[in-house]
Amino acid sequence: QVQLVESGGGSVQAGGSLRLSCTKSVSGLTFSSYVMGWFRQAPGKEREFVAGISRSGSNTDYGASVKGRFTISRDNGKNTVYLQMNSLNPEDTAVYYCAASRAPVLLSKNRDQYDYWGQGTQVTVSS
């Protein structure tokens, strides 16, 4: 069973930064076989796409609300995907999840195309 473990969440004031990490267990396919994504879910809201990265790391995509502030990257040698979050605001408060997809796509914003999910890490931004 593939396991994804997120870390790096916490509380920060508006305008601050956080860096999330997500590491995949050694089970399953090699890390570079998966398209990776970050999603978030705020209380009472649906889980929304935040960022995605292709298997090689050469292609990325972002949700409209985070474009220009967040950066997704990956290190296939370390089985890890990152989400650098800058200029945080209270609307970014949510549980953040990383996800892995085996779908034959370059990138995906569709949460139904992701096969494995982490347990989530809380990000809280205060004004």
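Reading the values: rules and limits
- Residues numbered from 1 in each chain as written.
- Predicted model: local features only at pLDDT ≥ 70, side-chain atom pairs only at ≥ 80, totals over all residues.
- Heavy atoms only, no water.
- Helix = DSSP H or I, 4+ residues; strand = E, 2+ residues; numbered from the N terminus.
- Buried < 20%, exposed > 50% of the residue type's maximum accessible area, 1.4 Å probe, protein only.
- Phe/Tyr/Trp six-rings, centres within 6.5 Å; stacked < 30°, edge-to-face > 60°.
- Lys NZ or Arg CZ within 6 Å of the ring centre and 35° of its normal.
- 1 Å grid on protein atoms, 1.4 Å probe; cavity = no way out; pocket = protein on both sides within 12 Å on 5 of 7 lines; lining within 4 Å.
- Points joined across faces, edges and corners; volume = space filled by probe spheres on them.
- Nonpolar A, V, L, I, M, F, W, Y, C, P; charged D, E, K, R; others polar.
- Polar contact = N/O pair within 3.5 Å; in protein donor to acceptor, adjacent residues only side chain to side chain.
- Contact = heavy atoms within 4.5 Å.
- Pairing = 2+ DSSP bridges.
- Axes fitted to C-alpha atoms, helices over the stretch in contact; angles between N-to-C directions.
- Salt bridge = Lys/Arg side-chain N within 4 Å of Asp/Glu carboxyl O.

Q: Hey, could you run me through unusual backbone geometry in this one?
A: As a rule of thumb, non-glycine residues mostly have phi less than zero, and peptide bonds are mostly trans rather than cis. The backbone of Asn 79 sits at a positive phi, close to 55 degrees, despite the residue not being glycine. Within the element layout of this structure, Asn 79 appears in the loop between strand E7 (70-75) and strand E8 (80-85). In this model, Ser 87 sits at a positive phi of 50 degrees, which is unusual for a non-glycine residue. Of the residues examined, Ser 87 reaches a relative accessible area of 44% and is grouped as partly exposed.

Q: What is the right way to read the packing of aromatic side chains from this model?
A: Where two aromatic rings form a pair, the distance of their centres and the angle of their planes describe that pair. Per the counting criterion, the structure on display carries five aromatic pairs. Note on Tyr 34 and Tyr 116: the rings are 6.1 Å apart at their centroids and 80 degrees apart in plane angle, and the pair reads as edge-to-face. One end of the pair, Tyr 34, is in the loop between strand E3 (18-24) and strand E4 (35-41); the other, Tyr 116, is in strand E10 (residues 116-117), with 82 residues separating them in the sequence. Among the aromatic side chains, those forming a connected cluster through ring pairs are Phe 39, Phe 49, Tyr 114 and Trp 117. Stacked on the ring of Phe 31, the Lys or Arg Arg 74 has its end atom at 4.5 Å from the ring centre.

Q: Is there a simple way to explain the layout of surface pockets in this structure?
A: The gaps of empty space that remain are located by a probe, the size of a water molecule, rolled over the atoms. Reported here for the largest pocket is a volume of approximately 180 Å³. Surrounding the largest pocket, 13 residues form its lining, Arg 40, Ala 42, Lys 45, Glu 48 and Glu 91 being those nearest its centre. Along the lines of polarity and charge, the residues of the lining of the largest pocket split into two nonpolar, four polar and seven charged.

Q: Just to check I follow, could you spell out the side chain of Arg 69 for this structure?
A: Relative to the elements of secondary structure, Arg 69 occurs in the loop between strand E6 (60-62) and E7. A relative accessible area of 16% places Arg 69 in the buried class. Engagement of the side chain of Arg 69 in a polar contact is seen with the backbone oxygen of Ser 65, the distance being 2.9 Å. A polar atom in the side chain of Arg 69 sits 2.8 Å from the side chain of Asp 92. Leave out the neighbours within four places in its chain, and Arg 69 touches Gln 84, Met 85, Asn 86, Ser 87, Leu 88, Asn 89 and Asp 92.

Q: I keep staring at the sheet that holds E7 and nothing clicks. Help me out?
A: The strands making up a sheet associate through backbone hydrogen bonding, with each pair oriented either parallel or antiparallel. Taken in spatial order, the four strands make up an open sheet running E1-E3-E8-E7, and their pairing is antiparallel. Edge positions in the sheet fall to strand E1 (4-7) and E7, since each of these pairs with one other strand and no more. Shown here is a sheet whose adjacent strand axes are inclined to one another by a mean of 15 degrees, direction ignored.

Q: Before we go on, may I ask you to explain the side chain of Glu 6 in this structure?
A: For Glu 6, the location among the structural elements is in strand E1. A polar atom in the side chain of Glu 6 sits 2.9 Å from the backbone nitrogen of Cys 98. In terms of polar contacts, Glu 6 uses its side chain to reach the backbone amide nitrogen of Gln 119, at 3.0 Å. Apart from the residues within four sequence positions on either side, Glu 6 is in contact with Ser 21, Cys 22, Trp 38, Tyr 96, Tyr 97, Cys 98, Gly 118, Gln 119, Gly 120 and Thr 121.

Q: What is the right way to read the pattern of salt bridges from this model?
A: Any two side chains of opposite charge can pair, given that their charged atoms come close. Counted under the stated rule, the structure contains six salt bridges. Its salt-bridge partner being Arg 40, residue Glu 48 comes within 2.6 Å of it at the nearest N-O pair. Residue class for Glu 48 comes out partly exposed when judged on its relative accessible area of 34%. For Arg 102, the salt bridge goes to Asp 115, with nearest N and O atoms at 3.4 Å. With Arg 102 in the loop between strand E9 (94-101) and E10 and Asp 115 in the loop between E9 and E10, this pair connects stretches of sequence that are 13 residues apart. Judged by relative accessible area, which is 46%, Arg 102 ranks as partly exposed. Linked by salt bridges that have partners in common, Arg 40, Glu 48, Arg 69 and Asp 92 make up one network.

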